[in-house]
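Here are the chains, one letter per residue:
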Amino acid sequence: MKKSPIFVDFSLLRLNPHFRSIFIARMISVFAFGILMVAVPVQIHQLTGSTLQVGAAMALDGIGMFAGLMCGGVLADRMDRRRLILLGRTSCGLGFLALALNGFMTNPSVTALYVVSTWDGFFSGIGITSLMASIPVIVGRENLPAAGALSMLTVRFGAVLSPLLGGLIITAAGVNWNYLLAGIGTLATLIPLTRLPSLKPQNAEPSHPLRSLMEGFEFLWQNKVVGAVVAVGTLQTLLSAVRVLYPSLAEDGYGGGAFEVGLMYSAVPLGAMLGAFTSGWVGGLSRPGAMMLACVTASSLAIASLGAFTHLAYGLAALVVLGYLGSIASLLQFTLVQGQTPDHLLGRVNSLWNAQDVVGDSLGALGLGALARALAPLMAVAWFGAGAAAAGLLMCVGFGSLRRLSGGKPEQAEGEPAEQAAGS
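As recorded by an unreviewed UniProt entry, the protein carries the name Multidrug efflux pump Tap and is attributed to Chromobacterium vaccinii. Recorded in UniProt under Subcellular location (unreviewed entry), the annotation for the protein is "Cell membrane". UniProt, in the comment section headed Sequence similarities (unreviewed entry), describes the protein in these words: "Belongs to the major facilitator superfamily. Drug:H(+) antiporter-3 (DHA3) (TC 2.A.1.21) family."

In structure tokens:
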């Protein structure tokens, strides 16, 4: 039996120019978004002193993205996906520039932060859905594990450095410069993305938008493996909302400020980058579903352990572990969802799959924000992680089809045709 490699295969970048364009655009975008990601919670915390309002801003971004994902999923299965990708990137870049304008004002508006967060969330949803639906066509389904690992590595590499850079920019010049650089960087991604070919969906069948969306739900319900992957992914993304507590943990738990917040934002991507770079073995797993369930449960325990640390170094180590486990789980989700969904449903299924990111992140942000009002930051994060770990154990027991999944091939659901069960 051929031994699986440890490190990710980079040959796809050399052999596929269209994927290389996406790779470059995502790298630029991640740096732009990373410095923005630090700026929004720090500015709202500075203006209001409220962790709950930080969570509310994240929730509004999530609401906008949820709406964008639902619309984008239907549009991506009807229209040229390339045009939708460009629309999403252009609109987000203009939104970031609007935040810069607000930041340069003498009295920045919190309401403007909420409005633009919703705007950017909506158009991000459209762009993300269309891009994800295009990947199997651009690289071929046999190359999905490598494409997923390379995409993740791109995102994580930029995400390790960009939050740290964002914290330094805030300390040196203020959040308005973060927004300005994020807007310029996002608009710069249009240069490589315009090189993509036309990406019209195969076998598109026009129907009422609501009926079209329902077909995506029906696929998730009938395909027990893909449906379970989406459910488990919701728990995984709920854990990512721990970043709501970074300003409070840095200030009250570790005695730091904006620089320490930037370090915390960088720790999870660092672990995720290490996971992506050493993920060559993931494609050869005999039980990918069981591994994904184990990673999500262990991630919850890593979150809970943050409550036991009172020194920044220990907290950063736990966040690195969280990032590593999350990257492996995310890569398995990507491979299973993209590989087992037919092209004419890729837009809608990707919209629903990405919607679980929004739902989990938004619920986690609001829940953690409210919990932090009643408990000290370290205690709040400990209870949050413990509850998520309990939910992970229940999923390990309840999702038998995913747990028993062998070699990436789903079990055939009762009464379901073999072709449909395989997502072909």
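Now that the structure is up, let's keep going.
Caption draft 1: Looking closely at the packing of helix 3 (residues 51-76) against helix 5 (residues 110-139). Their axes nearest at 6 Å, the elements helix 3 and helix 5 cross at an angle of 30°. Judged by the angle between their axes, helix 3 and helix 5 are roughly parallel. The element helix 3 and its partner helix 5 pack so that their crossing is right-handed. In the contact of helix 3 with helix 5, the residues fall into 13 nonpolar, 12 polar and two charged.

Caption draft 2: How the structure looks around the domain arrangement of the protein. Domain boundaries in the protein define domain 1 (12-198) and domain 2 (207-407). For domain 1 versus domain 2, the separation of C-alpha centres amounts to 19 Å. Contacts between domain 1 and domain 2 engage 46 residues on the former and 57 residues on the latter. Taking both partners together, domain 1 and domain 2 bury about 4100 Å²; carbon and sulfur atoms supply 74% of that area. Summed over the shared surface of domain 1 and domain 2, the result is one salt bridge. Taken together, domain 1 and domain 2 are joined by four residue pairs in polar contact (both at pLDDT 80 or more). Where the side of domain 1 that touches domain 2 is concerned, the elements lending two or more residues are helix 2 (17-48), helix 3, helix 5 and helix 6 (144-172). Looking at the side of domain 1 that touches domain 2 residue by residue, the classes come out as 32 nonpolar, nine polar and five charged.

Caption draft 3: The arrangement of the pattern of salt bridges in detail. In the structure shown here, the tally under the stated rule is three salt bridges. The salt bridge partner of Arg-348 is Asp-77, with a shortest N-O separation of 2.7 Å. In this pair, Arg-348 is assigned in helix 15 (residues 346-374) and Asp-77 in the loop between helix 3 and helix 4 (81-104), connecting sequence segments 271 residues apart. Its relative accessible area of 4% is what places Asp-77 among the buried residues.

Caption draft 4: Representation of the nonpolar core in the model. By size, the foremost hydrophobic cluster in this structure holds 118 residues, and its most contacted members are Tyr-179, Met-264 and Leu-402. No other element matches helix 14 (residues 312-339), which puts 13 residues into this core. Leave out the neighbours within four places in its chain, and Leu-402 touches Val-225, Ala-228, Val-229, Val-232, Gly-289, Ala-290, Met-292, Leu-293 and Leu-336.

Caption draft 5: Just helix 13 (residues 288-305), in detail. Between its terminal C-alpha atoms helix 13 stretches 26 Å, which fits the 26 Å expected from 18 residues at 1.5 Å a residue. All of the buried residues along helix 13 are Pro-288, Gly-289, Met-292, Leu-293, Cys-295, Val-296, Thr-297, Ser-299, Ser-300, Ala-302, Ile-303 and Ala-304. Elements in contact with the buried residues of helix 13: helix 10 (224-240), helix 14, helix 16 (377-398) and helix 17 (400-403).

Caption draft 6: Representation of the environment of Ser-109 in the model. The topology assignment puts Ser-109 in the loop between helix 4 and helix 5. Residue classification places Ser-109 among the partly exposed residues on the basis of a relative accessible area of 28%. For the pair Ser-109 and Ile-44, spaced 65 residues apart in sequence, the C-alpha to C-alpha distance is 9.5 Å. Engagement of the side chain of Ser-109 in a polar contact is seen with the backbone nitrogen of Thr-111, the distance being 3.3 Å. Within polar-contact distance, the side chain of Ser-109 engages the backbone nitrogen of Ala-112 at 3.1 Å.

Caption draft 7: Region of interest: the confidence of the model for the protein. Across the protein, the average pLDDT comes to 81, with 92% of residues at 70 or higher. Put simply, helix 18 (residues 418-421) is where the protein has its lowest mean pLDDT, 33, and helix 8 (residues 190-193) is where it has its highest, 92. Ignoring residues within four places in sequence, the model shows residues 408-424, a span with pLDDT below 50, making 34 contacts including any to other chains.

Caption draft 8: Local environment of the side chain of Thr-297. Secondary-structure assignment places Thr-297 in helix 13. Setting aside its immediate chain neighbours within four residues, Thr-297 contacts Ala-389, Gly-392, Leu-393 and Cys-396.

Caption draft 9: Just the side chain of Asn-176, in detail. The topology assignment puts Asn-176 in helix 7 (residues 175-188). Not counting chain neighbours up to four residues away, the residues in contact with Asn-176 comprise Ala-100, Gly-103 and Phe-104.

Caption draft 10: The packing of aromatic side chains, seen in detail. One pass over the full model with this rule turns up five aromatic pairs. Summarising the aromatic geometry, the rings of Phe-10 and Phe-277 are spaced 6.3 Å apart at their centres and angled 55° between planes, so their arrangement reads as tilted. Here Phe-10 is found in the segment before helix 1 (11-15), whereas its partner Phe-277 is found in helix 12 (residues 258-277), with 267 residues between them in sequence. One aromatic cluster is present, formed by Trp-119, Phe-122 and Phe-123 through successive ring pairs.

Cut-offs and rules
Residues numbered from 1 in each chain as written. Predicted model: local features only at pLDDT ≥ 70, side-chain atom pairs only at ≥ 80, totals over all residues. Heavy atoms only, no water. UniProt positions renumbered as here; feature names shortened; annotations may be inferred. Axes fitted to C-alpha atoms, helices over the stretch in contact; angles between N-to-C directions. Helix = DSSP H or I, 4+ residues; strand = E, 2+ residues; numbered from the N terminus. Parallel < 35°, antiparallel > 145°, perpendicular 65-115°, else oblique. Left-handed = near helix turned anticlockwise from the far one by under 90°. Nonpolar A, V, L, I, M, F, W, Y, C, P; charged D, E, K, R; others polar. Domains from an automatic or database assignment. Contact = heavy atoms within 4.5 Å. Buried area = accessible area lost by both parts, 1.4 Å probe. Salt bridge = Lys/Arg side-chain N within 4 Å of Asp/Glu carboxyl O. Polar contact = N/O pair within 3.5 Å; in protein donor to acceptor, adjacent residues only side chain to side chain. Buried < 20%, exposed > 50% of the residue type's maximum accessible area, 1.4 Å probe, protein only. Core = buried A, V, L, I, M, F, W, Y, C linked by side-chain atoms within 4.5 Å. Expected span 1.5 Å × (residues − 1). pLDDT = per-residue confidence, 0-100. Phe/Tyr/Trp six-rings, centres within 6.5 Å; stacked < 30°, edge-to-face > 60°.

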